[in-house]
Amino acid sequence: MNPAHGDTATLHSPIKTLALSAVGVWGRVVVVGRIVLGAVASFLWLSAAHADIIVERIEIQNAPPVLLLKGQFTQSDDPQALAREAAASGAKIVTFDSGGGNVVSAIAYGRLIRSLGLSTFQLRSGECASACALAFVGGAMRQAEPGAIGVHQSSFSPESTIGSHEAVAAVQAMTAEIMNYLIEMDVDPKLLQLSLSISSDDMRYLTASEMRQYRVTAGSPGELPASAEVNKTQPPVIPETSRAPASESKTTPPVAQSNEQKALEFLTAYHDAWSRENSTALRFMETAYGSAVEFYGKTVTKADVIEEKRAFALRWPVRVYNVKPNSERVSCSNTCRVDGVVDWYAKRAAGDRASSGSAEFSLMWDPATSKIVSETGKVIETDKGASQPIRLISQWYQDNSTCRGSIGDSPERTAACSRREALTPKLEAVGWCYGREGEYGYQMDWHVCGTPATPSTDVATTMKAINAPKARDYPSQGRMIGKTILPDFKGRDREFNTFRTRIRNGMSEGPNFAGHFSVIQIGCGTGCSGVIVGDNKTGRPSRFPRGGEANMYLDLAYQLNSRLLAAQWLDYDTDRCFIEFFDYDRTSWKVLSKFDIGTTEACYRDIQDNLQ
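An account of the accompanying structure is given in this report.

What counts as what
Residues numbered from 1 in each chain as written. Predicted model: local features only at pLDDT ≥ 70, side-chain atom pairs only at ≥ 80, totals over all residues. Heavy atoms only, no water. Helix = DSSP H or I, 4+ residues; strand = E, 2+ residues; numbered from the N terminus. Buried < 20%, exposed > 50% of the residue type's maximum accessible area, 1.4 Å probe, protein only. Areas by Shrake-Rupley, 256 points an atom, 1.4 Å probe, with all protein chains shown as cover. Phe/Tyr/Trp six-rings, centres within 6.5 Å; stacked < 30°, edge-to-face > 60°. Lys NZ or Arg CZ within 6 Å of the ring centre and 35° of its normal. Arc of directions from axis to C-beta. Contact = heavy atoms within 4.5 Å. Pairing = 2+ DSSP bridges. Axes fitted to C-alpha atoms, helices over the stretch in contact; angles between N-to-C directions. Left-handed = near helix turned anticlockwise from the far one by under 90°. Nonpolar A, V, L, I, M, F, W, Y, C, P; charged D, E, K, R; others polar. Parallel < 35°, antiparallel > 145°, perpendicular 65-115°, else oblique. Core = buried A, V, L, I, M, F, W, Y, C linked by side-chain atoms within 4.5 Å.

**A look at the overall build of the chain**
Secondary structure assignment for the chain yields 17 helices and 26 strands. Counting all 612 residues of the chain, 48% fall into the buried class. Carbon together with sulfur atoms contributes 52% to the accessible area of the chain, which is approximately 29300 Å² in total.

The following block contains the structure:
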């Protein structure tokens, strides 16, 4: 039996175990939870399994208790009961055993948790599903178990009798309310967008990286007790008699930066400096570290750190480091912890040897001295055989798309434009340039500075020289008649169950290839994707023979009225970009031809552009 649906004693045992660790050794323990975000109206409910919310104490020896919120969120709940229990017990941590319920009630609990400066954690052995997630993200610090957070769509309460027009209006209004709440709690509102894309009878489980990306989890475990105390402090009230006269306040004084903002500015300056030539980079490092540093698990002197940085800089004198957008997380008390993911590209002084990849980093920064007191991290991905700053160029294109493709001066667009402008000189400093004299915007791309011909020209010449198959020569064998049949994920097609939501959504949109097939491309990481092809007549899915890490940056071209499919992909090992043409005869893929169209740069362009 899942302990979440068992008795209180069953649930308390694992929670007690974790709670003891949580209040005793937060610096070494990561605590977690299983969360499902959903509900988009005050009368919308997601899977709910218990009675109204009750507050229980989980007693911890030699430490304040942990408070357990148990039951279903309802309109009749009294959040102040939690406030009274926290005041009486001195508790600083809240956990949950709830299947969800009323959104308005869950948000009220979340706001109360934040106002009290309480932190939240969750175990998979407990339950915090659907609307409960809104209460969970109210925590000043939040920890959750990797892979335990699931999101899916909401559904109406079975007792609801609301009409369709009223339902639409209510859903729109509450969606806006939830998004505002998530922003208020510093959670990425895209989490709501993700939840609404998952069927209510399906579930999408987030990785630890995704939880950090959406900021469902936040803060340093080691700082939970301190942060709770800080957050409970109310700003002082200024008496009317002490306020300056109106005539003396003609200008608004500048708002002082928070330590969190200062920490993020330092992070940017750190990676910008490390991307400069060696003398400038090492000069910055000399000022960046304290006299003693916890460096990758060992306490060393500043001189030891600088010596290691100098040795690395001499081996890899050409470097670009840039933090992935929206991966940064910062939390401050006496010191600030800054976590995130950085993409890098580096080259040796002699020869063609290069290194490219992504790494997680974690810094402890002292705002009083502006010094790093702790540093650690780990490589999470490397690009085998990479000779170009693929990840950095990908970042630039993503920001460029947002900057050029958005309307108005939204914060997202402004941030993307700023990131693009900051990354451009970094790439230029390591010998990469965007566009050439005389090119128009659609022709411009990144290339090694000084190369005379554009990749697009090379590709165009190549495509004219080859006898590429034409879609009209491979007509589809019949058109779709009737409704789409979806796969049997519990039986015949259970091997595709992992991707059931993406497949269902793709096939539900109708055929897009060879008369009655749906081509569905599914990402598996940066530059990595796979392809499922669903037969809308029979409901049977099958796999396309290209994709994954062997065929990076996979891009497809196909038509509804033709069984010809073109696939463009990159071979990292040889630094070559290929276009292959396939004929799909309803049961197998026949390779018609394969063409080498250039280096990696050719794969930066859309296949449609290269085929023109």
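**Remarks on the packing of aromatic side chains**
Two descriptors summarise a pair of aromatic rings, namely the distance from one centre to the other and the angle between the planes of the rings. Scanning the model with the defined rule gives 22 aromatic pairs in all. Geometrically, the ring pair formed by Trp396 and Tyr434 is tilted, given 4.5 Å between the ring centres and 45° between the ring planes. With Trp396 in helix α12 (residues 390-405) and Tyr434 in strand β18 (residues 432-434), the pair connects residues that are 38 residues apart, well separated along the chain. Note on Trp396: relative accessible area 4%, which makes it buried. Owing to a relative accessible area of 22%, Tyr434 belongs among the partly exposed residues under this scheme. Here a set of aromatic residues connected by ring pairs shows up, and it is made of Phe513, Phe517, Phe544, Tyr558, Phe582, Tyr584 and Trp589. Cation over ring: Lys309 sits above Trp274, and NZ or CZ is 5.4 Å from the ring centre.

**Focus on helix α2 (residues 80-89)**
All of the buried residues along α2 are Leu82, Ala83, Ala86 and Ser89. Mapping the buried residues of α2 onto a view down its axis gives an arc of 150°, with all of them on the same face. α2 presents Arg84, Ala87 and Ala88 as exposed residues on the side facing more than 90 degrees away from its buried surface. Buried-residue contacts for α2 involve β2 (54-60), β3 (63-70), β4 (93-98) and α3 (103-115).

**So, the pairing of strand β12 (residues 298-301)**
In the case of a regular strand, side chains alternate between the two sheet surfaces. One ladder, built from four bridges, connects strand β11 (residues 289-295) with β12; its direction is antiparallel. Across the sheet, Phe295 pairs through a bridge with Lys298, a residue of β12. What sits between β11 and β12 in their antiparallel hairpin is a turn of two residues, with Tyr296 showing a positive phi close to 50°.

**Here we look at the packing of helix α9 (residues 259-274) against helix α10 (residues 278-288)**
Packing of α9 against α10 brings their axes to within 8 Å, and their N-to-C directions diverge by 145°. The hand of the α9/α10 crossing is left-handed. Seen from α9, the contacting residues are Phe266, Ala269, Tyr270, Ala273 and Trp274; seen from α10, they are Ala281, Leu282, Phe284, Met285 and Ala288. When grouped by side-chain class, the residues that make up the contact of α9 with α10 number 10 nonpolar, no polar and no charged.

**Here's the deal with the packing of α10 against helix α11 (residues 302-315)**
Between α10 and α11, whose axes approach to 10 Å, the crossing angle comes to 165°. On the basis of their axis angle, the class for α10 and α11 is roughly antiparallel. Judged by the sense of rotation from one axis to the other, the crossing of α10 with α11 is right-handed. In this structure, α10 uses Asn278, Leu282, Met285 and Glu286 to contact α11, whose residues at the interface are Lys302, Ile306, Lys309, Arg310, Ala313 and Leu314. Here the contact of α10 with α11 is built from residues that sort into five nonpolar, one polar and four charged.

**Looking at α10**
Every buried residue belonging to α10 is among Asn278, Thr280, Ala281, Leu282, Met285 and Ala288, and all of these are buried. In the core, the buried residues of α10 are packed alongside α9, β11, α11, β13 (318-323) and β17 (371-382).

**A short note on the environment of Ala349**
Here Ala349 is to be found in the loop between β15 (336-347) and β16 (354-366). For Ala349, a relative accessible area of 66% puts it in the exposed group. Taking C-alpha positions, Ala349 is 7.3 Å from Val318, a pair spaced 31 residues apart along the chain. Among all residues touching Ala349, those that are not within four sequence positions of it are Arg315 and Pro317.

**What about unusual backbone geometry?**
Excluding glycine, most residues fall at negative phi; most peptide bonds, likewise, are trans. At Arg215, a position not held by glycine, the phi torsion is positive, near 60°. Here Arg215 lies in the loop between α7 (208-213) and α8 (224-232). Phi is positive for Ser370, close to 60°, though the residue is something other than glycine. Its place among the elements puts Ser370 in the loop between β16 and β17. In this structure Ser370 comes out as partly exposed when scored by relative accessible area, which is 35%.

**Here's the deal with the nonpolar core**
If you look at soluble globular proteins, the nonpolar side chains tend to sit buried side by side. Membership of the largest hydrophobic core comes to 37 residues, with the highest contact counts inside it found for Leu82, Val94, Phe96, Leu134, Ile178 and Leu182. Breaking this core down by element, the ones donating at least two residues are β3, α2, β4, α3, α4 (132-136), α5 (164-184) and α6 (190-196). Here this core takes six residues from α3, the largest share from any one element. With residues up to four places along the chain from it excluded, the contact list for Leu82 reads Val55, Leu67, Leu69, Val94, Tyr109, Leu112 and Ile113.

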